[in-house]
Amino acid sequence: MIALFRKNREEGTYTMLGNGVVGILSESVNKWERRTPLTPSHCARLLHGGKDKTGVARIIVQPSTKRIHHDAMYEDVGCEISDDLSECGLIVGIKQPKVLAQRVSLYDYELIVGDHGKRLLAFGKFAGRAGFIDFLGGLGKRYLSLGYSTPFLSLGEAYMYSSLAAAKAAVISVGEEIATFGLPSGICPLVFIFTGSGNGNVSHGAQEIFKLLPHTFVDPSRLPELFAQGRDVIPPEKASKRVFQVYGCVVSLVKTWLNS
C-alpha cells in the first residue's frame, strides 16, 4: 500500500497522505468500469493494521451498483458507505477526478519510481489480455462494416466475462471456428503486430490471448514476402478461398527507431 504514502528519504519512513480518512470513488468516467483502486481485503488491512502503522483511521466508499465488489463487502470490513467524501484527505480512484475544479493534488501511480529510476508500479498482463479481447471484438464489427463476416463477431468485451478462464474459452471457440471454416481471403493474410516493448507485461498479455488462435509468428522482415504471397496465391477468380490461420509479429519500436 505504499502508493498511499509519502516517503521521507532521509529517515526512510512513510507518512500517510491526507488526514487519515480515505475515500474510494464510484467510477463514472467509463460506463463499463467495474474496477476499484482498493479491494475490501486491502481496506481490511489498512483499517485493522492499526492507525499508528497504516495512518488510516476511516475509509469512506461511494456506493456503486456496478463495482466488482459489492458495497456490503466493504461494510463487512469496517468501511463506511456514503456519497459524501468531503471529509477525506485522500481520495483514490481508477480514472481521473475533476482535479482542476476541486483544486486538489493529483498523484499518478504510473509515475512512481524507485531510487534508481525503475518503475515500482506498471501495467500488468491483464491490461494486454483485456485489450486484445476488446480489440478482436471490435475487429469483427469493423470487418462486418466492410462486408466480411468473421468469427470475431461472437466475442464480447472483456468486462462482460465473469473470469479470465471464461474469456479465454470464448477466444478458443473463435480459434476453433477459424481452424475449421477459415477466414475470408479478402482480409488475409491477417497479421497482428505487437509493438512497444515486445517483452513488456502488456505485450505478453496480448500475445497470450493471440496464441489461443491458430497462428504463426513471423519476423518483421518477412512481412513483404507474406503479403506478396497472399496476393499471388489468391487470384480474383478464387476470391472465395478461405485462410485457416492468422499471423503474429513482434516489433520493438525502440529498435525500429534506431535502425531508421
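This text goes with the structure placed above it.
Every chain is numbered on its own, with residues counted from 1 as its sequence reads. Local features in this predicted model are restricted to residues of pLDDT 70 or higher, and side-chain atom pairs are both shown and tallied only at a pLDDT of 80 or more, whereas totals for entire chains, interfaces and linings draw on every residue. Water and hydrogen atoms were dropped before computing side-chain values, which therefore reflect all heavy atoms in the structure.

1. Quick notes on the side chain of Thr39
Numbering of helices and strands runs from the N terminus, with a helix taken as a DSSP run of H or I at least four residues long and a strand as a DSSP run of E at least two residues long. Within the secondary structure, Thr39 is located in the loop between β3 (21-24) and α1 (40-48). Among the polar contacts listed, one links the side chain of Thr39 to the side chain of Ser41, at a separation of 2.9 Å. Residues are treated as being in contact if the distance between any of their heavy atoms lies within 4.5 Å. Among all residues touching Thr39, those that are not within four sequence positions of it are His69 and Tyr74. N or O atoms within 3.5 Å of each other form a polar contact, as long as, within protein, one can give a hydrogen and the other can take it, and as long as residues adjacent in sequence are counted only when both atoms are side-chain atoms.

2. Description of the sheet that holds β3
Here, any two strands with at least 2 DSSP bridges between them count as paired. Reading across from one edge, β5-β4-β3-β6 is the order of the 4 strands in this open sheet, with parallel pairing throughout. The sheet terminates laterally at β5 (80-81) and β6 (90-92), the two strands that pair on one side only. Sheet topology places β3 next to β6; 3 bridges connect them, and they run parallel. By the bridge assignment for β6, Val22 is matched with Leu90.

3. Points about the packing of aromatic side chains
Geometry of aromatic contacts follows a simple scheme: Phe, Tyr and Trp rings, the Trp one being its six-membered ring, pair when their centres are within 6.5 Å, and the pair is stacked under 30 degrees between planes, edge-to-face over 60, tilted otherwise. Applying the stated criterion across every chain yields a total of 10 aromatic pairs. Look at Phe194 and Phe210: their rings are 5.4 Å apart centre to centre, the planes differ by 70°, and that puts the pair in the edge-to-face class. Here Phe194 is found in strand β8 (residues 191-194), whereas its partner Phe210 is found in helix α7 (residues 201-210), with 16 residues between them in sequence. Accessibility here uses a 1.4 Å probe with only protein chains present; expressed as a share of the type maximum, an area under 20% marks a residue as buried, one over 50% as exposed, and anything in between as partly exposed. Taking the relative accessible area as the measure of exposure, Phe194 reaches 5% and is therefore buried. With relative accessibility at 0%, the residue Phe210 sits in the buried group.

Shape is all these values report; function is a separate question.
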